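# Secondary and tertiary structure notes
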There are 2 protein chains.
Amino acid sequence: MRDHGLPIRDDDVVGAGGGASRSAVSRRALLGFVGAGAAVAATGGFAVGRAAAEPAAATATIAFTGAHQAGISTPVQDRLHFVALDVVTKDRARLKALLSEWTVAAERMTRGLEAAPDGAVGVSPEAPPLDTGEALGLSASRLSITVGFGPSLFDDRFGLAGKRPEALVDLPRFAGDVLDPDRSNGDICLQACADDPQVAVHAIRNLVRIGFGVVRVRYSQLGFGKTSSTTPNEQTPRNMFGFKDGTANIAGNDANTLDEHVWVQPADDPAWMVGGSYAVTRRIRMQIETWDRTSLGEQEAITGRTKGEGAPIGQQREFDPVVLDKLDVTAHVRLAHPDSNAGARLLRRGYSFTDGSDELGRLDAGLFFIAYQRDPREQFIPIQTQLAANDGLNEYLRHTGSGIWAMPPGVAAGESWGQELFA
Amino acid sequence: MRDHGLPIRDDDVVGAGGGASRSAVSRRALLGFVGAGAAVAATGGFAVGRAAAEPAAATATIAFTGAHQAGISTPVQDRLHFVALDVVTKDRARLKALLSEWTVAAERMTRGLEAAPDGAVGVSPEAPPLDTGEALGLSASRLSITVGFGPSLFDDRFGLAGKRPEALVDLPRFAGDVLDPDRSNGDICLQACADDPQVAVHAIRNLVRIGFGVVRVRYSQLGFGKTSSTTPNEQTPRNMFGFKDGTANIAGNDANTLDEHVWVQPADDPAWMVGGSYAVTRRIRMQIETWDRTSLGEQEAITGRTKGEGAPIGQQREFDPVVLDKLDVTAHVRLAHPDSNAGARLLRRGYSFTDGSDELGRLDAGLFFIAYQRDPREQFIPIQTQLAANDGLNEYLRHTGSGIWAMPPGVAAGESWGQELFA
């Protein structure tokens, strides 16, 4: 069992609770908060701070350290900034050092602190600030920062070829894919989620800044609204088709299901991924103008749920069981259901996006799909193969970006991202 | 004096307070809420509902009706969805009818209602829904929807050439402008602001849907964080340079200053614009990677304020007076100050954006600048002419989009947007 306690450093004289004011608080007050947060995290079985008890509290934090990375099974925040990066150095040591530097800065920011002590106002007026400053005065906003490694990182540049997990396959081409290479793949990904988008943007921007000369941005995606929840009894969010999404998602407190479907287990290879997970990201453009001119009956039949209540077709309430035979054979819910996929499940954590408009005057809107799983070969790939071939929703969807990522396990205090990978 | 009361219609059987649940409430309860909202609005001197007293309350609404449109002097919400539209019909009557239909839907949505009664679940399964549904279950989130008319609307298509305000000039080309025509101009603009971005996106998406065949999207811009406030004593937001912005903004409750600098007055032409305002919108890309490698001292000298406190250079506290002689002659605050511009002021209401990344791997981030004023010829144009020529910040800025808009006065219950323009 790792030490899940939060690190305490002497430079942390700012309120870790991330209240509206970042004025200095006494070290005693800080310790008091940290103690309480650690206690909650310890009882949850996974790394959650006060957010588990108070999901709407603006001052809540989600613990950065733990057996698993935050941002997967922890409560889903409202906003996303996701970035895929390419490594531009061939220097293994510089990359390893960056991962270490990132870990320190990320852990600080998830507590509502600047990326470095006195970051924004600088150690010296002659030097660039070590924090860009736009989150000064904002709370931690349940920020989580989650790192992942793409297949291309395991080529011959950094001596990692022998460490590539077999489950980190190159995704096949699915029927209907219209992928933009500039919005696909990448060596490293960073997923920042927070209830305040400025906090998420600040986190990504500062990690990119720290990585200057080592990594560069390949693509970047903001998500304005979560479309799935991992918190039972929370109101189910709606996607850009206006339907409740993720009703049957894996709950963040369901340890058995997480072990079976999400976390890489000790029996799985490689050892450095045990406690981690695999993410698949898909930028899915939704043809909302066409959808909006489709009848309600057609929308419901294609989706497999009612629009208002979100009940499975043929049932009355949202959480009534799905009866597959009552759904059209091309209904999305039917095709994605575990019973149609040999029991395979995904932990979904996607976000709605709107990125301006296209040349035809249509809103460039849709879903930035993020799904976590124990093995994409058994989960996302067979599920998506079936959906791509038969899903009635395909007429309204275009997959324009794609990525697959090995998300390593969490770190304990003092450990660094990728420590075991580079060992 | 117009009637500022909220309209009550029999179809409104859903909670107007926009609570977490939209279950039906009694008409008595609805009337009780509306009465309270109207009372607050009446005492404020401008159209503000409960938001003025409780800016953070998720259930707050901002009154749609009033002498002035909401979304200008009313408290600034956290998120923006702005859209510029081109009219694709030449049928004046269809355009006028759309403005009327829009008014009804916009007023409803600002109360947390669907765009039409029973919109999402449809009057019939055979018909497309009259609301796209993704805001079901969300509160009103202080939504405001503000309409404006661009210079091109006053060409020969709709018989409006004689109604074009003299103040609605075509903006000159400013030094350094690198405007993208596809992100500039437009016949009509809609500015939706809300504390929940899904509520703002839903509003724009439904108005675009209603306008199908009459208008099409020219460009669309999401803003994730406000950079200015109109509420005195509220924490001043920070822009993507990490600096407090809009410290000296015009306050939404300063009626005299609003009359002098923002609202078109009875002595001004044309009559249909009295009580309205002119908006200038500029999409300003900020070269944040270059900025982030600039020393703190240089950043502060260029801006004219300290980064931490936001005090004018040479002063101690944020709200200390700006002493122009203590600032560099190229400092932004000095050049934008009313004392450097014959007393001209702007009501700023801009938002930070991040729209993915560019081909060089830099974040496409910046400020979607929105400024309201009584006459752009006396305010934005001379101020921006001076800034474009001399502002030290220019090295880090690129103006990539531009628009100018006549924002008509507010409507009373039963009136429609553009009613006086088309009379």
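## Focus: the overall build of chain A
Across its full length, chain A holds eight helices and 10 strands. Put simply, chain A has 423 residues, and 56% of those count as buried. Partitioning the intrachain contacts of chain A with sequence separation of at least 6 by distance along the chain shows that 71% fall at a separation of at least 24.

## Quick notes on the environment of Val123 of chain A
Residues and elements named next belong to chain A. By the secondary structure assignment, Val123 is in the loop between helix 2 (92-110) and strand 2 (144-149). Overall, the presence of 13 C-beta atoms within 10 Å leaves Val123 in the partly exposed class. Val123 sits 66 residues away from Cys189 along the chain, and the two C-alpha atoms are 30 Å apart.

## Let's talk about the pairing of strand 6 (residues 277-286) of chain A
Regular strands show a simple pattern: their side chains alternate between the two faces of the sheet. Residues and elements named next belong to chain A. Counting buried positions over the 10 residues of strand 6 gives 10, a clear majority of the element. Residues Ser277, Ala279, Thr281, Arg283 and Arg285 point to one face of strand 6 and Tyr278, Val280, Arg282, Ile284 and Met286 to the other, with burial holding for every one of them. Sheet analysis places strand 6 next to strand 10 (residues 397-407), joined by 10 bridges and oriented antiparallel. Each bridged residue has a counterpart across the sheet, and for Tyr278 the counterpart in strand 10 is Ala406.

## Let's talk about the interface of chain B and chain A
In this assembly, 51 residues from chain B lie in contact with 50 residues from chain A. Sorting the residues of the side of chain B that touches chain A by element identifies helix 3 (197-210), strand 4 (215-223), helix 6 (296-303) and strand 8 (351-357) of chain B as the ones contributing at least two each. With seven residues, strand 4 of chain B is the largest single contributor of residues to the side of chain B that touches chain A.

## Description of the confidence of the model for chain A
All names here are of chain A. Put simply, chain A has an average pLDDT of 87, and 86% of its residues get 70 or more. Of the regions scoring below 50 in pLDDT, residues 1-58 engages in 103 contacts with residues more than four places distant in sequence or in other chains. Model confidence for the complex is summarised by a pTM of 0.88, with the ipTM given as 0.87.

## Observations concerning the relation of the copies chain B and chain A
Copy one and copy two of the chain differ by a rotation about a common axis and a shift along it. Between chain B and chain A, the superposition needs a rotation of 180° and an axial shift of 0.0 Å, giving an RMSD of 0.0 Å. Both copies of the chain, as the preceding transformation shows, are related through a two-fold rotation axis. Closest to the rotation axis within chain B is the C-alpha of Asp355 of chain B, separated from it by 3.3 Å.

## Concerning the environment of Asp364 of chain B
Residue and element names in this part refer to chain B. By the secondary structure assignment, Asp364 is in strand 9 (residues 363-373). Note on Asp364: 18 C-beta atoms within 10 Å, which makes it partly exposed. For the pair formed by Asp364 and Thr354, sequence separation is 10 residues and the distance between their alpha carbons is 5.7 Å. For Asp364, the residues in contact, after removing those within four places along its chain, are Arg285, Thr354, Asp355, Gly356, Ser357 and Asp358.

## Describing helix 8 (residues 380-390) of chain B
Residue and element names in this part refer to chain B. What helix 8 keeps buried is the set Phe380, Ile383, Gln384 and Leu387. Taken down its axis, helix 8 places every buried residue within 90° of arc, on the same side. Tucked inside the fold, the buried residues of helix 8 contact strand 6 (277-286), helix 7 (332-336) and strand 9.

## Observations concerning the packing of helix 2 (residues 92-110) of chain B against helix 3 of chain B
Residue and element names in this part refer to chain B. Relative orientation of the contacting elements helix 2 and helix 3 amounts to 160°, with a least axis distance of 10 Å. Judged on the interaxial angle alone, helix 3 and helix 2 are roughly antiparallel. Crossing of helix 2 over helix 3 shows right-handed handedness. Across the interface between the two elements, Glu101, Trp102, Ala105, Ala106 and Met109 from helix 2 touch Ala203, Asn206, Leu207 and Ile210 from helix 3. Among the residues making up the contact of helix 2 with helix 3, the classes are represented as seven nonpolar, one polar and one charged.

## What about the environment of Ala271 of chain B?
Residues and elements named next belong to chain B. Locating Ala271 in the fold gives a position in the loop between helix 4 (255-261) and strand 6. For Ala271, a count of 10 C-beta atoms within 10 Å corresponds to the exposed category. C-alpha of Ala271 to C-alpha of Pro165: the two residues are 106 residues apart in sequence and 9.4 Å apart in space.

## Quick word on the nonpolar core
Of all hydrophobic cores here, the largest spans 204 residues; its most connected members are Ala200 and Met286 of chain A together with Ala200 and Met286 of chain B. The contacts of Met286 of chain B, once residues within four sequence positions are left out, are Met240, Phe241, Trp291, Ala365, Gly366, Leu367, Tyr396 and Leu397 of chain B.

Rules and cut-offs
- Residues numbered from 1 in each chain as written.
- Chains lettered and ligands numbered in written order.
- Predicted model: local features only at pLDDT ≥ 70, side-chain atom pairs only at ≥ 80, totals over all residues.
- Helix = DSSP H or I, 4+ residues; strand = E, 2+ residues; numbered from the N terminus.
- Buried ≥ 20, exposed ≤ 12 C-beta atoms within 10 Å, placed from the backbone.
- Contact = placed C-beta atoms within 7 Å.
- Pairing = 2+ DSSP bridges.
- pLDDT = per-residue confidence, 0-100.
- Least-squares fit on C-alpha atoms with pLDDT ≥ 70 in both.
- Arc of directions from axis to C-beta.
- Axes fitted to C-alpha atoms, helices over the stretch in contact; angles between N-to-C directions.
- Parallel < 35°, antiparallel > 145°, perpendicular 65-115°, else oblique.
- Left-handed = near helix turned anticlockwise from the far one by under 90°.
- Nonpolar A, V, L, I, M, F, W, Y, C, P; charged D, E, K, R; others polar.
- Core = buried A, V, L, I, M, F, W, Y, C linked by C-beta atoms within 7 Å.

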